[in-house]
Amino acid sequence: SNDAIIEIIPDLLTFELPRGRFSVGAAVRDTACLMIWSLVRSHSASSSSPELLNAVATTLVCCSLFDREVSCRRAAAAALQEMVGSWGCVPH
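Just so it is clear, the structure is predicted and the values come from calculations on it, not from any experiment.

*Asks:* Explain helix H1 (residues 2–13) to me, please; I cannot follow it from the model alone.
*Replies:* With twelve residues, H1 extends 17 Å between its outermost C-alpha atoms, agreeing within 8% with the 16 Å of an ideal straight helix rising 1.5 Å per residue. Regarding H1, the residues found buried are Asn-2, Ile-6, Ile-9, Pro-10 and Leu-13. Angular distribution of buried residues about the axis of H1 spans 85°; they occupy a single face of the element. Exposed and oriented more than 90 degrees from the buried face of H1 are Glu-7 and Asp-11. On its buried face, H1 sits against helix H2 (26–42) and helix H3 (50–66).

Written out as structure tokens, the structure reads:
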């Protein structure tokens, strides 16, 4: 179901694994944004709980503003834009 996927998205959007002087996790965060984008394009919002969608939207905003990687910021902004445009369930 959609809720099972949406439940893990906030954890994936904040994933970071320290490796010495740097950290890895940008690919995971970028893929999580793509997952949300494709889920929004292919399903309706009525099948997901509003609390989960609000948590994902909040995490997407944080990722689009504060992520270190430009690709992750762009992917999060695109996913959030698609979520607002297609589902319209994101509070102002």
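Alright, that's what it looks like, and here's the rest.
*Asks:* Even after reading the chapter, I still don't get the environment of Asp-67, so can you show me in this structure?
*Replies:* As for its position among the elements, Asp-67 is in the loop between H3 and helix H4 (70–87). Accessibility expressed as a relative area gives 10% for Asp-67, which makes it buried. Along the backbone, Asp-67 and Ala-26 are 41 residues apart, and their C-alpha atoms lie at a distance of 8.9 Å. Of note is the side chain of Asp-67, whose polar atom sits 2.6 Å from the side chain of Arg-29.

*Asks:* What should I look at first to understand the pattern of salt bridges in this one?
*Replies:* Within this structure, the stated rule accounts for four salt bridges. Here Glu-82 ties to Arg-41 by a salt bridge, and the two come within 3.4 Å at their closest N and O atoms. Highlighted residues: Glu-82 in helix H4 and Arg-41 in helix H2, separated in sequence by 41 residues. Residues joined by salt bridges that share partners form a network here, namely Glu-16, Arg-29, Asp-67 and Arg-68.

*Asks:* What should I look at first to understand the packing of H3 against H4 in this one?
*Replies:* Each pair of packed helices gets described by two things: the angle between the helix axes and the distance between those axes. The contact between H3 and H4 brings their axes to 7 Å, and the two run at 145°. When the axes of H3 and H4 are compared, the crossing they make is left-handed. Residues Leu-53, Val-56, Ala-57, Leu-60, Val-61, Cys-63, Ser-64 and Leu-65 of H3 form the contact with H4, whose participating residues are Cys-72, Arg-73, Ala-76, Ala-77, Ala-79, Leu-80, Met-83 and Trp-87. Here the contact of H3 with H4 is built from residues that sort into 14 nonpolar, one polar and one charged.

Quick notes on the rules
Residues numbered from 1 in each chain as written. Predicted model: local features only at pLDDT ≥ 70, side-chain atom pairs only at ≥ 80, totals over all residues. Heavy atoms only, no water. Helix = DSSP H or I, 4+ residues; strand = E, 2+ residues; numbered from the N terminus. Expected span 1.5 Å × (residues − 1). Buried < 20%, exposed > 50% of the residue type's maximum accessible area, 1.4 Å probe, protein only. Arc of directions from axis to C-beta. Contact = heavy atoms within 4.5 Å. Polar contact = N/O pair within 3.5 Å; in protein donor to acceptor, adjacent residues only side chain to side chain. Salt bridge = Lys/Arg side-chain N within 4 Å of Asp/Glu carboxyl O. Axes fitted to C-alpha atoms, helices over the stretch in contact; angles between N-to-C directions. Left-handed = near helix turned anticlockwise from the far one by under 90°. Nonpolar A, V, L, I, M, F, W, Y, C, P; charged D, E, K, R; others polar.

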